[in-house]
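# Examination of the molecular architecture
Okay, here's what each chain looks like letter by letter:
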Amino acid sequence: QVQLVESGGGLVQPGGSLRLSCTGSGSSFSIAVMGWYRQAPGKQRELVAVISSSGSTNYADSVKGRFTISRDNAKNTVYLQMNSLKPEDTAVYYCNDESGVRRGYAYWGQGTQVTVSS
């Protein structure tokens, strides 16, 4: 069971960049497939990026080429580098164990707010 804390959100202008961090605890962190999710007001939470224990990645089409997910298992941390931000990226961003989310036993933290506005 992994406890996760997200940080790094904020207010940025369109075209700007942010780097989000997700720090966890627990011995299973290094083997978990981790994902970044986001939820905009009035919309369903969606998966935007995933990274496996070996470092393979995948992205939602809406963020491909702009976002990069990475991890540092020694620090129990997953990152999301977000470039060329658009207003439609505005959401609360969460990290979680992708397998746990898919299987329905994940617990969600507070997330971190990302607002892209001019």
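An account of the accompanying structure is given in this report. Computed from a predicted structure; not experimentally measured.

## Observations regarding the overall build of the protein
Scanning the protein from terminus to terminus reveals one helix and ten strands. Each helix and strand of the protein, placed in order from N terminus to C terminus, yields the pattern β-β-β-β-β-β-β-β-β-α-β. The C-alpha atoms of the protein give 13 Å as radius of gyration, which agrees with the globular expectation for 118 residues (13 Å, within 12%). Seen along its three principal axes, the alpha-carbon backbone of the protein occupies a region of about 40 × 25 × 25 Å.

## Notes on the sheet that holds strand β2 (residues 10-12)
Here we have six strands laid out as an open sheet, ordered β2-β10-β9-β4-β5-β6, and mixed in their pairing. The two strands at the open ends of the sheet, each matched to only one other strand, are β2 and β6 (57-59). Within this sheet the neighbouring strands show an average axis-to-axis angle of 25°, counted without direction.

## So, the packing of aromatic side chains
Given two aromatic rings, their pairing is described by the distance between the two centres and the angle made by the two planes. By the definition in use, this model includes two aromatic pairs. A ring pair is formed by tyrosine 94 and tryptophan 108, whose centres lie 5.7 Å apart and whose planes are at 75°; its orientation type is edge-to-face. Of the two residues, tyrosine 94 sits in strand β9 (residues 91-97) while tryptophan 108 sits in the loop between α1 (98-103) and β10 (112-116), which places them 14 residues apart along the sequence. Overall, the relative accessible area of 29% leaves tryptophan 108 in the partly exposed class. Every member of this aromatic cluster is reached through a ring pair, and the members are Tyr37, Tyr94 and Trp108.

Reading guide: rules and limits
- Residues numbered from 1 in each chain as written.
- Predicted model: local features only at pLDDT ≥ 70, side-chain atom pairs only at ≥ 80, totals over all residues.
- Heavy atoms only, no water.
- Helix = DSSP H or I, 4+ residues; strand = E, 2+ residues; numbered from the N terminus.
- Rg over C-alpha atoms; globule rule 2.2 N^0.38 Å.
- Pairing = 2+ DSSP bridges.
- Axes fitted to C-alpha atoms, helices over the stretch in contact; angles between N-to-C directions.
- Phe/Tyr/Trp six-rings, centres within 6.5 Å; stacked < 30°, edge-to-face > 60°.
- Buried < 20%, exposed > 50% of the residue type's maximum accessible area, 1.4 Å probe, protein only.

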